[in-house]
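Residue-level listing of the chains:
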Amino acid sequence: MIGDDHPIGEDELQAYVDDRLEAGRRAAVEAHLALHPEVRERILADRRHRAALRAQLQAKADEPIPARLRIASLQAARRNRLWRRSGLAAAAVLLFVAGTGAGWLANDGMSETRVAAAPTAVIAQGATAAFRTFVVEVAHPVEVGAAQEAHLLQWLSKRLGRRLEAPDLGRFGFRLIGGRLLPADSSAAAQLMYEDATGRRLTVYVRAADGTETAFRFKAEGNTATFAWIDQGFGFAVTAMASRDELLPIAEAVYKGLTPKG
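Residues numbered from 1 in each chain as written. Predicted model: local features only at pLDDT ≥ 70, side-chain atom pairs only at ≥ 80, totals over all residues. Heavy atoms only, no water.

A. Layout of the side chain of Arg-162. Along the chain, Arg-162 turns up in the loop between α8 (149-160) and β2 (175-184). No salt bridge forms around the buried Arg-162; measuring N to O, its nearest opposite-charge neighbour Asp-231 is 6.4 Å away. A distance of 3.2 Å separates a polar side-chain atom of Arg-162 from the backbone oxygen of Leu-258. Once you skip the residues sitting within four places of it in the chain, Arg-162 turns out to touch Ser-157, Phe-234, Phe-236 and Leu-258. (Helix = DSSP H or I, 4+ residues; strand = E, 2+ residues; numbered from the N terminus. Buried < 20%, exposed > 50% of the residue type's maximum accessible area, 1.4 Å probe, protein only. Lys, Arg positive; Asp, Glu negative; His and termini not counted. Salt bridge = Lys/Arg side-chain N within 4 Å of Asp/Glu carboxyl O. Polar contact = N/O pair within 3.5 Å; in protein donor to acceptor, adjacent residues only side chain to side chain. Contact = heavy atoms within 4.5 Å.)

Next up, the structure:
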């Protein structure tokens, strides 16, 4: 409790990490941290992680807006779609939808235009950056350990705005060791980390995302591989130091484990 203000909770601590607090509450949080050095160290570590992730993605943020995404281009494209609406266009849309349903797996053979526009590319990039940041950690690979799994999933679910479960990857030799909250533009992302008996790690990354790309997108960067997809307003990614063929069945299991039942 700071003065007459309400107690400092986890939501305000995370808002402090994300620089989303108004001046009055920011001062209250800083006073709270001054009185609780163990909490202060954790929050300062979160802010350092946030800054590191933002720095890794800054080059992408600094790129100029592609011509196809400018307002004038979007308006022109919309007019063209309206003018060309016909029975033939409707048939083409139906064929596209059918093809998407049959083509569950998207890969690097996609055209450059489609790959550049794929929202899954953003998810894959964020997941890869987060994986590389935390997979090397020895003392603090996760923020909340698997011993507090129920608390971890409840907390992450609240921050994401959707129920989050930890898929069981035991048949692949991986067990959950914990997870953490990450910044993702103006929202939040969750990272669940798994480890096998040899110490090799794998992460599951979840954040809100636009798009309807239920097909998998594969991204390989050095020795790191990621499968990403978007479903019902959220982006998902599975990342590990693994081959495409080894990671694919794990990604499929995660997809099934995270898909709402019923």
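More follows now that the structure is in view.
B. Expanded view of the sheet that holds β2. If you walk across this open sheet you meet the 7 strands as β1-β2-β3-β4-β7-β6-β5, and the pairing is antiparallel. A single partner strand is all that each edge strand has here, and the edge strands are β1 (144-145) and β5 (217-221). Sheet topology places β1 next to β2; 2 bridges connect them, and they run antiparallel. Within the sheet, the bridge partner assigned to Gly-145 lies in β2 and is Gly-178. Along the sheet face, helix α7 (residues 119-134) touches β2, β3 (187-195), β4 (201-208), β5, β6 (224-231) and β7 (234-240) and points at about 135° away from the line of β6. (Pairing = 2+ DSSP bridges. Axes fitted to C-alpha atoms, helices over the stretch in contact; angles between N-to-C directions.)

C. View of the environment of Glu-12. Note on placement: Glu-12 falls in helix α1 (residues 10-17). The exposure class assigned to Glu-12 is buried, which follows from its relative accessible area of 14%. In this structure the C-alpha to C-alpha distance between Glu-12 and Arg-25, which are 13 residues apart in sequence, comes to 8.2 Å.

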